[in-house]
Each structure stands twice: as C-alpha cells, then as structure tokens.
Amino acid sequence: MRTISATGGLVDRKILDVAKVFLERLEGRYPVRGGVLFGSRARASHQADSDADLAVVLAGSSGDRRSASREMAGIAFGVLMETGVLVDPLPLWEDELERRVAFSNPALIDAIWRDGVRV
C-alpha cells in the first residue's frame, strides 16, 4: 500500500481531505482503524465526476456489512452535499484485509493493497 507525501502525491489533496472528513464522521459509530483510498482516484485515472472509493478498515472480525454499508452511505450523502465529492465507502474488517480469503472478493483486496493510498 502506498503512502502519500505531504502534498498528496498523485492524489488530489481535496479528495484526501474529504475522505478524512468522512472517516471523522464515523467516530463513535464504528471502530475505525483507518481508511484506504483505492480505485481510479488512487490510480490517478479518474474523471472529474468520479467517486472516491474508500475502504474503511474496522477493528476485529467480519461484521454486518449490509448494515454498515447502508449507514455509511447516508453519511457519505451528507459529505457529498457539503463538499461535492461522493465517497463510496467499503466497510472492511481487519481480518478481511489481512487474510484476503476472508473476503468474498479477494481480487478486490489485492487491488486495494496494490493501488491503495492510506488516508
């Protein structure tokens, strides 16, 4: 997983700031360990209206992804209204990120490790 420079490297600083705002909104609701921007924004191959794919790393073992996804989508909508950037959160538990076979789509975990930018 790539880290970012103080200026954001290839990733637009605004996108990183929006991702941080989104993660801050999750405080107290989920045991957030961090976030990883992935997809076209992390690869710098995005379009102007591309969303920001964000793996939200949660403490512990797999939980209720549907419920977490629904709640996070609502929070993402609020962030969109304030910033103009759509965050597309993917709740991932630590065990899924560390043991790719624990997730239903191991290829996606591989892509997050390959292209991901820590937020």
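Residues numbered from 1 in each chain as written. Predicted model: local features only at pLDDT ≥ 70, side-chain atom pairs only at ≥ 80, totals over all residues. Heavy atoms only, no water.

Is there a simple way to explain the overall build of the chain in this structure?
A count of helical and extended segments in the chain gives 5 helices and 4 strands. When the helices and strands of the chain are placed in sequence order, the string is α-β-α-β-α-β-α-α-β. Against the globule reference of 14 Å for 119 residues, the chain gives a C-alpha radius of gyration of 13 Å, in line with a compact fold. With the C-alpha coordinates aligned to their principal axes, the bounding extent of the chain is approximately 35 × 30 × 25 Å. (Helix = DSSP H or I, 4+ residues; strand = E, 2+ residues; numbered from the N terminus. Rg over C-alpha atoms; globule rule 2.2 N^0.38 Å.)

Any chance you could explain the nonpolar core here in plain terms?
Soluble globular proteins tend to bury their nonpolar side chains together. Ranked by internal contacts, the top residues of the largest apolar core, which has 24 residues, are Phe22, Leu26, Leu37, Leu54, Val56, Met72 and Val87. If you list the elements that add at least two residues to this core, you get helix H1 (13-26), strand S2 (52-58), helix H3 (65-83) and strand S3 (87-93). In terms of residue count, H1 provides more of this core than any other element does, 7 residues in total. Excluding residues within four positions of it along the chain, Leu37 makes contact with Val11, Ile15, Leu16, Ala42, Ala52, Asp53, Leu54, Asp115, Gly116, Val117 and Val119. Val36, Val57, Leu97 and Phe103 belong to the second-largest nonpolar core, a separate cluster that totals 10 residues. (Core = buried A, V, L, I, M, F, W, Y, C linked by side-chain atoms within 4.5 Å. Buried < 20%, exposed > 50% of the residue type's maximum accessible area, 1.4 Å probe, protein only. Contact = heavy atoms within 4.5 Å.)

What am I meant to see in H1 here?
An α-helical turn contains 3.6 residues, so any two residues separated by three or four positions project in the same direction. Here H1 spans 20 Å end to end across 14 residues, near enough to the 20 Å set by a 1.5 Å rise per residue. Structurally, H1 contributes buried residues whose contacts are with strand S1 (32-38), helix H2 (40-43), S2, H3, S3 and strand S4 (117-118). With a side-chain oxygen lying 2.8 Å from the backbone nitrogen of Lys14, the N-terminal cap of H1 falls on Asp12. Of the residues trailing H1, Gly28 is marked for its positive phi of about 85°. (Expected span 1.5 Å × (residues − 1). Polar contact = N/O pair within 3.5 Å; in protein donor to acceptor, adjacent residues only side chain to side chain.)

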